[in-house]
Amino acid sequence: MKKWMGLLSIVFVLSIVLAACNQSDSKDHDSDKLKVKTTVYPLKSFIEQIGGKHVDVESIYPAGTDLHSYEPTQKDILNASKADLFVYTGDDLDAVAKKIAATIKKDDKKLSLQNSIDQTELLTDQHEHEHEGEHEDEHEGHDHEHDGHHHGGYDPHVWLDPKLNKDMIKGIKDELIKKDPDNKAYYEKNFKKLNKDLTDIDDELKDVTKDHQGHTVFISHESLGYLSQRYGFVQKGVQSMNAEDPTQKELTEIVKEIKDTDAKYILYENNISSKITDTIRKETDAKPLSFSNMESLTKEQSDNKDLSYQTLMKENIKNIEKALNDKIKTKDNKSEAAHDKAIEQGYFKDEQVKDRKLSDYEGDWQSVYPYLKDGTLDDVFEHKAEEGDMSAKEYKAYYDKGYKTDIENIKIDQNKMSFTKNGHTTTGEYEYDGYDILKYEKGNRGVRYTYKLKGEASDDLPKYVQFSDHNIYPKKAVHFHIFIGNDKEKVLKELDNWPTYYPSKLSKDEVKEEMLAH
C-alpha cells in the first residue's frame, strides 16, 4: 500500500511539473508573438491576416471612435511605445498616429505605410474653411517652408482603395519578415492570399462602376475620395472629410441638390454622428444606406470574430452600387485639384507636367530676405522649431542661406522681367526655354521652368531665370523661388540658394502671417 501511495505521489508531482512546464511553454509561445499596435481597422485586419498565429495585434482606437476629434491618452502613447511595432498610414495621413510615432525613438519599431504607396496617388483635402497649421515641404531636396499654397492636407482614407492597399500590405509583409525571418514562408503565403482578395475587390469595384462613370453618390462625410477617383464616379459629402459641419449656405445647397436630383439613397457612416445628417434625412426623401469607412469598429463589429476588411468592403460595394443605380449627374467641383497637395510636395507623374508661360508669374514681387534679416520672420522659425528637428536659430541660419539675394524686387509684365538691385532697375526680354524635372534625395521631385534672355547678359541681367513655385502646369503663382545665372546646367544644379518672392502689395507682417498660416 505504501508502495502504491509512493507511486501515486510521484505521478502527482510529475503531473504538476508537466502542467507547469506546459503553462511555461504556453507563456513562452505567447511571448514569441510580435506585439503590434496599429490605428484604423483595415491595418489591424491586414496585419492579423498576414501575421496570423505569430502576431498579437491591437488598435489604439476604441470602438466607435470618430478619428476627427480623437486625442490619444498617455496610456495609448505608452502602450504603443512598448509594442514590437507600431503600424500607421503615415505622418501626412494621420495626425494622431504622427504624435504617437514621434514618441517612439527607434525607427525599427514604427512603420509608416505612406512610404510603401505611390504618393502621386494621394488626394488633397479640399475643405476650404479650416487652415490646419504649418506644412513642411521638401524644397529642392531640403526641408522648406510650404508657404503660399493649398491650406489643406491629404485625404486620409487611403485604406478604402484596394489598389493602394496592395502596396501597403507588401510593406506590412516585408516588415514582419524583417522582424521574424524564421517565418518568412508563412507570411509570404498569407500575403499572397490577401493580395488575391484585394485584386478580387478591385475587379468587383470595376464591374459595378463601369456603367456609372460620372454618376454621383451622396454620403454623410467625404470618405469616398479614393474610390470615386479610382473608379470614375463622383462623391458629394454632407460633411467635409474632416467631419466638419457645412455652413448654412452649403447645407441649403446640398439639400436642394439631393431634392433636385431626386436621389433615392444617401450613404451614412456609423461613426459619424451629426445633427446635420439628421437634417438631411428629415428634409429629403433619400433613404439611408450603411457605409463603413472602417476608421474604427462599432462594439457589435468588434465582437464579430468572422469580420475582416474583405467582408466589410463587400457590403460597402453592394450599397455603393445601389446608390449609383440612381444614375445621378452632378457637377464635380473637386476633381481638377484632386492631386494639388501631392504635386506641391513633389509627387506627380511626368504626363501631368505642362509648359507654362511667363505670364503665370506676372506681377510685382518683393524678396522676403530683408524680413529674415530684420527679425520679422523670427516667429516663423520659432513656430517651425516647435515640431521640427532643429532649433529656431538653426532654422534661421538655414533659411538665411536659402533666401539670400541682392535682388530686392522683380517685376514681370508679359515677356519682360525687371530686376531691382540697390534701387537700380534693369529690364530684359525673355523667352520660354522649357522645363526640367529634378529628382531629390528624399524621393520627391520638382519642376524648374526656364526663361532665356534675348540678347546679351550682364551682371544685372541674367541669361537664364528658372522658376519653382510647386506647380507643374499653367497656374497663377502666389509666390515663387528663382534660380539665376548664365549657365543653364549650372543653375539647374543649385539646390541651396532659392531666393523667395511674395507680392509687393503685402506688408512684412502680412508676409509673416502667410507663412505662419501654412
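The structure under discussion appears in the preceding block.
Residues numbered from 1 in each chain as written. Predicted model: local features only at pLDDT ≥ 70, side-chain atom pairs only at ≥ 80, totals over all residues. Heavy atoms only, no water.

## Brief notes about the pairing of strand β2 (residues 55–59)
- In terms of strand pairing, strand β1 (residues 34–38) meets β2 through 5 bridges, oriented parallel. Looking across to β2, one finds that L34 is bridged to V55.
- Note that the unit made of β1, helix α2 (residues 41–51) and β2 has a crossover that is right-handed. (Pairing = 2+ DSSP bridges. Helix = DSSP H or I, 4+ residues; strand = E, 2+ residues; numbered from the N terminus. Right-handed = clockwise from strand over helix to strand, strands pointing away.)

## As for the pattern of salt bridges
- Taken as a whole, this structure holds 31 salt bridges when the rule is applied.
- For the salt bridge of K178 with E175, the shortest nitrogen-to-oxygen distance reads 3.6 Å. Linking K178 with E175, this pair stays in helix α5 (residues 162–179), spanning 3 residues, or about one helical turn.
- Connected through shared salt-bridge partners, K170, K173, D174 and E188 make up one network. (Salt bridge = Lys/Arg side-chain N within 4 Å of Asp/Glu carboxyl O.)

## Comments concerning the environment of V217
- Relative to the assigned elements, V217 resides in strand β7 (residues 216–221).
- We classify V217 as buried; its relative accessible area is 0%.
- Counting along the chain gives 108 residues from V217 to N325, while the straight-line C-alpha distance between them is 9.5 Å.
- Setting aside residues no more than four positions away along its own chain, V217 makes contact with L224, F233, V234, Q235, K236, L267, I320, A323 and L324. (Buried < 20%, exposed > 50% of the residue type's maximum accessible area, 1.4 Å probe, protein only. Contact = heavy atoms within 4.5 Å.)

## Regarding the pairing of strand β16 (residues 464–468)
- Taken across its 5 residues, β16 has 5 buried, putting it largely inside the fold.
- Burial of the side chains of β16 extends over both faces: Y464, Q466 and S468 are buried on one face and V465 and F467 on the other.
- By the bridge criterion, 4 bridges tie strand β15 (residues 445–453) to β16 in an arrangement that is antiparallel. Each residue of the ladder has a partner; that of Y451, found in β16, is V465.

## Comments concerning the sheet that holds strand β4 (residues 110–112)
- Judged by pairing direction, the sheet is parallel, and its 4 strands sit side by side in the order β2-β1-β3-β4 without closing on themselves. Edge positions in the sheet fall to β2 and β4, since each of these pairs with one other strand and no more. Sheet twist, expressed as the mean angle between neighbouring strand axes with direction ignored, is 20°.
- Bridge count between β1 and strand β3 (residues 85–88): 3 bridges; the pairing is parallel. Each bridged residue has a counterpart across the sheet, and for V36 the counterpart in β3 is L85.
- Against the sheet, α2 makes contact with β1, β2 and β3, and its axis sits at roughly 175° relative to β2, the strand it touches most. (Axes fitted to C-alpha atoms, helices over the stretch in contact; angles between N-to-C directions.)

## As for unusual backbone geometry
- The backbone phi angle of K327 is positive, close to 55°, even though this residue is not glycine.
- With respect to the helices and strands, K327 occurs in the loop between α11 (309–324) and α12 (340–344).
- Accessibility expressed as a relative area gives 53% for K327, which makes it exposed.
- Of note, Q414 is a non-glycine position whose phi angle comes to about 55°, a positive value.
- Mapped onto the elements, Q414 comes out in the loop between β12 (409–413) and β13 (416–421).
- By relative accessible area, Q414 is classed as exposed at 57%.

## What to know about the sheet that holds β13
- Pairing is antiparallel in the closed barrel, where 8 strands are placed in the order β11-β12-β13-β14-β15-β16-β17-β18. The average angle at which neighbouring strand axes cross in this sheet is 35°, direction not considered.

## Quick look at the packing of α2 against α11
- α11 packs onto α2 with a crossing angle of 135° between their chain directions and a minimal axis gap of 9 Å. Judged on the interaxial angle alone, α11 and α2 are oblique. Contact residues: Y41, P42, S45, F46 and Q49 in α2; Y309, Q310 and L312 in α11.
- For the contact of α2 with α11, the residue count by class is 5 nonpolar, 3 polar and no charged. (Parallel < 35°, antiparallel > 145°, perpendicular 65-115°, else oblique. Nonpolar A, V, L, I, M, F, W, Y, C, P; charged D, E, K, R; others polar.)

## As for the nonpolar core
- F86, V87, L224 and L227 are the most contacted members of the largest nonpolar core, which totals 71 residues.
- Residue contacts for L227: discarding those within four places in its chain leaves L160, D161, P162, L205, G232, F233, M313 and I320.
- Among the nonpolar cores identified, the runner-up in size contains 24 residues, and L358, I407, L461 and F467 belong to it. (Core = buried A, V, L, I, M, F, W, Y, C linked by side-chain atoms within 4.5 Å.)

## Examining the environment of I254
- One can find I254 in helix α8 (residues 248–261).
- For I254, a relative accessible area of 8% gives the class buried.
- Considering only alpha carbons, one finds I254 and G237, 17 residues apart in sequence, at a separation of 8.6 Å.
- Contacts of I254, omitting those with residues within four sequence positions, involve F218, G237, V238 and I280.

## Observations regarding the packing of aromatic side chains
- Considering all chains together, one arrives at 20 aromatic pairs under this definition.
- For the pair Y186 and Y187, a centre-to-centre distance of 6.0 Å together with 75° between the ring planes defines the contact as edge-to-face.
- Judged by its relative accessible area of 25%, Y186 falls in the partly exposed class.
- The interplanar angle of 25° and the centroid separation of 5.7 Å between the aromatic rings of F480 and Y501 together place this pair among those described as stacked. Here F480 is found in strand β17 (residues 480–485), whereas its partner Y501 is found in strand β18 (residues 500–503), with 21 residues between them in sequence. The burial state of F480 is the same as that of Y501; both residues are buried.
- Among the aromatic residues, those joined into a cluster by ring pairs are Y361, W365, Y432, Y451, F467, F480 and Y501.
- Above the ring of Y268, the side-chain terminus of R281 is found at 4.2 Å from the ring centroid. (Phe/Tyr/Trp six-rings, centres within 6.5 Å; stacked < 30°, edge-to-face > 60°. Lys NZ or Arg CZ within 6 Å of the ring centre and 35° of its normal.)

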